[in-house]
Each structure stands twice: as C-alpha cells, then as structure tokens.
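# Structural overview
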Amino acid sequence: MRSTRTLRVSPKVANLQVRTTTHTTTGSGGQTWTGRYPMGRETYLALFGVGDLPGQDGTLGAAWTGVSTERAG
C-alpha cells in the first residue's frame, strides 16, 4: 500500500527540488487537519494521509479536487 509517508521519504521526490511543508490548521469549528504541501512557484498540492482529516474525509480512498483563483477570467 502506498502512502503519503512514501512520498515524504522517497529520494526521487527529494530530488525534484520541490519545497514541501507540513502544516496543521484549525478551522472555525475547532476541527484540525494536517497536510503536506509540495510547493511550486505559484501553486501547491495538498496531500493528506489516513487520519490527517476529521471524519470521513480522513479515511482511506477519500479524494477531492479544489481550485482557487486570484482574479476572474
């Protein structure tokens, strides 16, 4: 089984020279989640492992996509 741990310790990922940060966020309702974020120049990818998110979102196989823009067009 592959996991976010595999990505964190992979020498291939390390050689991509991508800046990665781990961050824990607390939402307005007090819920917390932790993610790993490989950062590009103007973009990032959020990776979450089992248990990193509260509820059903933190289960094996949960997936979603989010997009944010800074200006219309």
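Presented here is a report on the structure given in the accompanying data block. (Residues numbered from 1 in each chain as written. Predicted model: local features only at pLDDT ≥ 70, side-chain atom pairs only at ≥ 80, totals over all residues. Heavy atoms only, no water.)

### Some details on the packing of aromatic side chains
Counted according to the given criterion, the structure contains 1 aromatic pair. Between the aromatic rings of Y37 and F48, the centroid separation amounts to 6.2 Å while the plane-to-plane angle is 90°, which identifies the pairing as edge-to-face. Here Y37 is found in strand 2 (residues 32-39), whereas its partner F48 is found in the segment after strand 2, with 11 residues between them in sequence. Residue classification places Y37 among the buried positions, given a relative accessible area of 12%. On the basis of relative accessible area, F48 is assigned to the partly exposed category, the value being 24%. (Phe/Tyr/Trp six-rings, centres within 6.5 Å; stacked < 30°, edge-to-face > 60°. Helix = DSSP H or I, 4+ residues; strand = E, 2+ residues; numbered from the N terminus. Buried < 20%, exposed > 50% of the residue type's maximum accessible area, 1.4 Å probe, protein only.)

### Looking at the side chain of D52
Following the sequence through the fold, D52 ends up in the segment after strand 2. With sequence-adjacent residues up to four places away left out, D52 is seen in contact with T32, W33, T34 and R36. (Contact = heavy atoms within 4.5 Å.)

### Notes on the environment of T22
With respect to the helices and strands, T22 occurs in strand 1 (residues 19-26). A C-alpha to C-alpha distance of 9.0 Å links T22 and P38, two positions 16 residues apart in sequence. T22 has contacts with T34, G35 and R36, leaving out every residue within four places of it along the chain.

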